[in-house]
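# Summary of structural features
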Amino acid sequence: QPRERRSGPSSFCHGCCTYLMASISFRRALLMVRGSNGVASSVAFYQNGLGLTVLRHTDDWAELACPAGPLSPAHTPSISDGAHQQFHLSIQSVESESQLCTGYSPVLNFDVVDMDETIARCVQMGANLDGPIQYPAHGKVAALRAPGGQMIGLYEPAV
């Protein structure tokens, strides 16, 4: 029996997209770093610089969580908020050079409440700004390189 074609952006869909959209979510990223020192310094940066919560931490592996939800100066979502899903950042110790190449991909993007305060903390933890802070009409945008070489994007929405 032929399926009804839908109009709009998913007009290529034959009825399965609703199921697919409901069954997938992007909630985890994996960073590969050199050895246990790389894991320890990355955990320190993401915990103290960006405020992520450490869920597990061994010499070779760490998992941190960041609340996923709307930000506002009055209420910054926390891991304990049941209404917000969590995004998990896993950090794994590796030794292979091919696994350690860093560049401009992937870029980890975080929404922040206070751009200046967040950048100050991150720089204090060893990050470097990658160009000036941009001020488009919709807010502030900045890029920085984490101490491990990964690119971090920061976005502070306009009030």
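Note that this is a predicted model, so its numbers are computed, not measured. (Residues numbered from 1 in each chain as written. Predicted model: local features only at pLDDT ≥ 70, side-chain atom pairs only at ≥ 80, totals over all residues. Heavy atoms only, no water.)

A word on helix α4 (residues 115–124). Residues of α4 that are buried include every one of M115, T118, I119 and C122, and no others. Buried residues along α4 cover an arc of 95° about the axis, so they all sit on one side. Along its buried surface, α4 packs onto α2 (35–49), β6 (128–129), β7 (139–145) and β8 (151–157). One or two residues past the end of α4 sits G126, with phi positive at roughly 110°. (Buried < 20%, exposed > 50% of the residue type's maximum accessible area, 1.4 Å probe, protein only. Helix = DSSP H or I, 4+ residues; strand = E, 2+ residues; numbered from the N terminus. Arc of directions from axis to C-beta. Contact = heavy atoms within 4.5 Å.)

This paragraph deals with the environment of I133. With respect to the helices and strands, I133 occurs in the loop between β6 and β7. Between the C-alpha atom of I133 and that of L144, which follows or precedes it by eleven residues, the distance is 9.6 Å.

Our next topic: the sheet that holds β8. A sheet is described by the order of its strands in space; here four strands give the open sequence β5-β8-β7-β6, paired in mixed fashion. Of all the strands in the sheet, just β5 (107–111) and β6 have a single pairing partner and so form its edges. Pairing of β7 with β8 involves seven bridges; the strand directions are antiparallel. The residue of β8 that forms the bridge with K140 is E156. (Pairing = 2+ DSSP bridges.)

Here the focus is a nonpolar patch on the surface. On the surface, L30, M32 and W61 cluster together to form a nonpolar patch covering roughly 240 Å² of accessible area. If you trace the backbone, M32 turns up in strand β1 (residues 28–34). A relative accessible area of 31% means that M32 is categorised as partly exposed. (Patch = residues over 30% accessible without salt bridge, like charges linked within 9 Å, V, L, I, M, F, W, Y side chains within 5 Å. Areas by Shrake-Rupley, 256 points an atom, 1.4 Å probe, with all protein chains shown as cover. Salt bridge = Lys/Arg side-chain N within 4 Å of Asp/Glu carboxyl O.)

Take α2 next. Between its first and last C-alpha atoms α2 spans 21 Å; for 15 residues at 1.5 Å apiece the expected length is 21 Å, and the two agree. Among the residues making up α2, those that are buried are G35, G38, V39, S42, V43, F45, Y46 and G49. Positive backbone phi, at 80°, marks G51, one or two positions downstream of α2. (Expected span 1.5 Å × (residues − 1).)

With that out of the way, let us pick up the environment of G153. By the element assignment, G153 lies in strand β8. Given the relative accessible area of 7%, G153 is considered buried. Each C-alpha atom, one on G153 and one on A142, is 5.9 Å from the other, the two residues being eleven residues apart in sequence. If sequence neighbours within four positions are ignored, G153 has contacts with V107, L108, N109, F110 and A142.

Only one face of β1 is covered, namely the face carrying A29, L31 and V33; the face carrying R28, L30, M32 and R34 is uncovered. Pairing analysis gives seven bridges linking β1 to strand β4 (residues 85–94), with the strands arranged parallel. Within β4, the residue paired with L30 across the bridge is S90.

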